[in-house]
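Notes for the structure review
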Amino acid sequence: MTMTVETRRLALRPVEAQDAAATARLMTPLVAGELISWPSPMTAAQAAERIERSAAGLVAADSADLAILDRRSGALLGWIGAAVIGGERRLGTLGYWLGEDFHDQGYMTEAARAAVPWFAQALRLDAIEACIHPHNFASQAIVEGLGFQLKGRRRIFADTRGAEEDFITFAVPSAVLCAAAARRANRKAAAIG
Ligand SMILES: CC(C)(COP(=O)(O)OP(=O)(O)OC[C@H]1O[C@@H](n2cnc3c(N)ncnc32)[C@H](O)[C@@H]1OP(=O)(O)O)[C@@H](O)C(=O)NCCC(=O)NCCS
């Protein structure tokens, strides 16, 4: 399975040591505040440690994190990742973020459409879930656009903030996700042809 995924404006590939400084720089309080376990401020050393853990997860096929890069400049815009959280079925949990300067330009919609079916295959997932703050409407729109369905609410301990917080949970079976991706690809091919 190819490790690099390209979209119209983006290139996605597993995070690498060279991404540490930019990762730390982009992890501002506004971004980290929507995530469960990312600190802000974040040092380059903390980012490097996370990248090392991610490389081990990829080898074990129990997690994967892709750097989201501007295809033209190669600049790091953010991350999108998934990790297996077990259960009877092979369930994965999805996480993603962009640096503040890159919000509201459709980048995560574009990245997630390519990356999420990739995670389903690479991590052999039966289903994927996402836990999103109730106020994070952009993130909810992204997963709904991929076919995720609302499942319920959950209190989750956000270790970087030392507190339990409310999240809304969404989930999608991998088969539904991959069928939707295939339909999008077919529509695109028909439009080109
Ligand atoms: C959430 C985040 C990933 C969104 O990425 P983005 O690239 O800015 O999002 P997009 O531009 O692709 O927009 C996503 C969708 O949300 C919609 N949207 C944006 N703001 C919205 C709002 N306030 N209310 C409702 N919908 C909104 C957009 O219209 C778009 O929907 P569409 O494709 O149907 O038009 C980005 O803001 C981010 O990184 N935030 C900080 C970290 C974070 O929240 N991560 C997710 C944790 S669950």
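Notes on the structure in this doc start here. Just so we're clear, the structure is a prediction, and the values are computed from it rather than from any experiment.

**Re the site of the ligand**
Taken together, 21 residues lie around the ligand, and Glu34, Met108, Thr109, Phe137 and Ala141 are the ones closest in. Those elements giving two or more residues to the shell around the ligand turn out to be β5 (91-98), α4 (107-122) and α5 (137-145). Top element by residues in the shell around the ligand is α5. It accounts for six residues. Looking at the shell around the ligand, its residues break down into twelve nonpolar, seven polar and two charged.

**Comments concerning the sheet that holds strand β3 (residues 63-70)**
Taken in spatial order, the eight strands make up an open sheet running β1-β2-β3-β4-β5-β6-β8-β7, and their pairing is mixed. Single-partner strands in this sheet number two, and they are β1 (5-6) and β7 (149-158). Here nine bridges tie β7 to strand β8 (residues 163-173), and the two strands are oriented antiparallel to one another. Across the sheet, residue arginine 154 finds its bridge partner in β8, namely phenylalanine 167. Against the sheet, helix α3 (residues 44-60) contacts β2 (10-14), β3 and β4 (76-86), and its axis sits at roughly 120° relative to β3.

Cut-offs applied
- Residues numbered from 1 in each chain as written.
- Predicted model: local features only at pLDDT ≥ 70, side-chain atom pairs only at ≥ 80, totals over all residues.
- Near = placed C-beta within 6 Å.
- Helix = DSSP H or I, 4+ residues; strand = E, 2+ residues; numbered from the N terminus.
- Nonpolar A, V, L, I, M, F, W, Y, C, P; charged D, E, K, R; others polar.
- Pairing = 2+ DSSP bridges.
- Contact = placed C-beta atoms within 7 Å.
- Axes fitted to C-alpha atoms, helices over the stretch in contact; angles between N-to-C directions.

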